[in-house]
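Take a look at the letters that make up each chain.
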Amino acid sequence: MGTKDIARAYEKMTGIPPKIAIFEQFARIGQALSSGPRLALLELLAQSERSVDTLASMAELTVANTSRHLQQLRQAGLIVGRKEGQFVYYRIAGDEVLRLLAALWAVGETYSADIDRLISMFLVAKDSLDPLSAEEVFDRAKRGIITILDVRPNEEYAAGHLPGAINIPLPELHTRLHELPVRREIVAYCRGPYCLMSLDALLLLRKAGRKARRLRDGLPEWRARGLPVE
């Protein structure tokens, strides 16, 4: 039986042309992404593996609601889970998911006026200097002319971070400024392009008289570009 015969047999059995059936499966991924809370959960899982309870607390959702969102993401193949005792832990299925999210952010910023307006209100307004791209940070780090500052929680840093980055979680930064070199520019980063922790770090650093900028993206986007991660 040839390919066309198989396609006709499939359509006769299901009432759906094979090409449309394939697109419907891709549409399931789109449906899984069509939720602000689910995108927020993906951003958290892009940092490190986490339990349902931890995700619920960090995303400020109920455990039941978090579980429902995670099941939709899992059914779409975007995350995988494992059970350990009474707890279920989830993680991103693979780097392809990180690249998908990076593409989503890029399309949204390029073509959505609403996204552009919100970014201008909440991000650009708080940062007087243009953020650095991943390639710019990588080049300057190799030349030893910047200090990279990771302001995420310790467990996220331990799961993966930019090469040579110093980890000082944002709540500890004001008491640990002495750990950062005085004469080198500091580049801060956090979870992603819309994470406000790095912006808050910039305000604190500049108030203390430090020269500081931020990475435009976060660790997931850095990894999606194929740049090295420790």
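Residues numbered from 1 in each chain as written. Predicted model: local features only at pLDDT ≥ 70, side-chain atom pairs only at ≥ 80, totals over all residues. Heavy atoms only, no water.

(A) Layout of the packing of helix α3 (residues 36–45) against helix α4 (residues 52–59). One can describe the packing of α3 onto α4 by two numbers: an axis separation of 10 Å at closest approach and a directional angle of 115 degrees. The handedness of the crossing between α3 and α4 comes out as right-handed. Between α3 and α4, the contacting residues are Leu-41, Leu-44 and Leu-45 on the first element and Leu-55, Met-58 and Ala-59 on the second. (Axes fitted to C-alpha atoms, helices over the stretch in contact; angles between N-to-C directions. Helix = DSSP H or I, 4+ residues; strand = E, 2+ residues; numbered from the N terminus. Left-handed = near helix turned anticlockwise from the far one by under 90°. Contact = heavy atoms within 4.5 Å.)

(B) Structural context of the packing of α4 against helix α5 (residues 63–75). One can describe the packing of α4 onto α5 by two numbers: an axis separation of 9 Å at closest approach and a directional angle of 110 degrees. Between α4 and α5, the angle is such that the two are roughly perpendicular. Residues Val-52, Asp-53, Leu-55 and Ala-56 of α4 touch α5, and the partners they reach there are Val-63, Thr-66, Ser-67 and Leu-70. The residue makeup of the contact of α4 with α5, split by class, is five nonpolar, two polar and one charged. (Parallel < 35°, antiparallel > 145°, perpendicular 65-115°, else oblique. Nonpolar A, V, L, I, M, F, W, Y, C, P; charged D, E, K, R; others polar.)

(C) Focus on the sheet that holds strand β1 (residues 50–51). With antiparallel pairing, the three strands of this open sheet are ordered in space as β1-β3-β2. Strand pairing shows two members of the sheet lacking a second neighbour, β1 and β2 (79–84), which therefore form its edges. Judged from the two bridges that link them, β1 and strand β3 (residues 87–92) form a sheet pairing that is antiparallel. Among the inter-strand pairings, Arg-50 is bridged to a residue of β3, identified as Tyr-90. Strand contacts of α3: β1, β2 and β3, with the helix running at about 85 degrees to β3, the strand carrying the most contacts. (Pairing = 2+ DSSP bridges.)

(D) Region of interest: the sheet that holds strand β6 (residues 185–189). Across the sheet, four strands lie side by side as β5-β4-β6-β7; this open sheet has parallel pairing. Both edges of this open sheet fall to β5 (166–167) and β7 (212–214), since each of them pairs with a single strand only. Along the sheet, helix α8 (residues 134–142) contacts β4 (146–150), β6 and β7; its crossing angle with β4, the most-contacted strand, is approximately 125 degrees. Lying on the sheet, helix α10 (residues 197–207) is in contact with β4, β6 and β7; it crosses β7 at an angle near 175 degrees.

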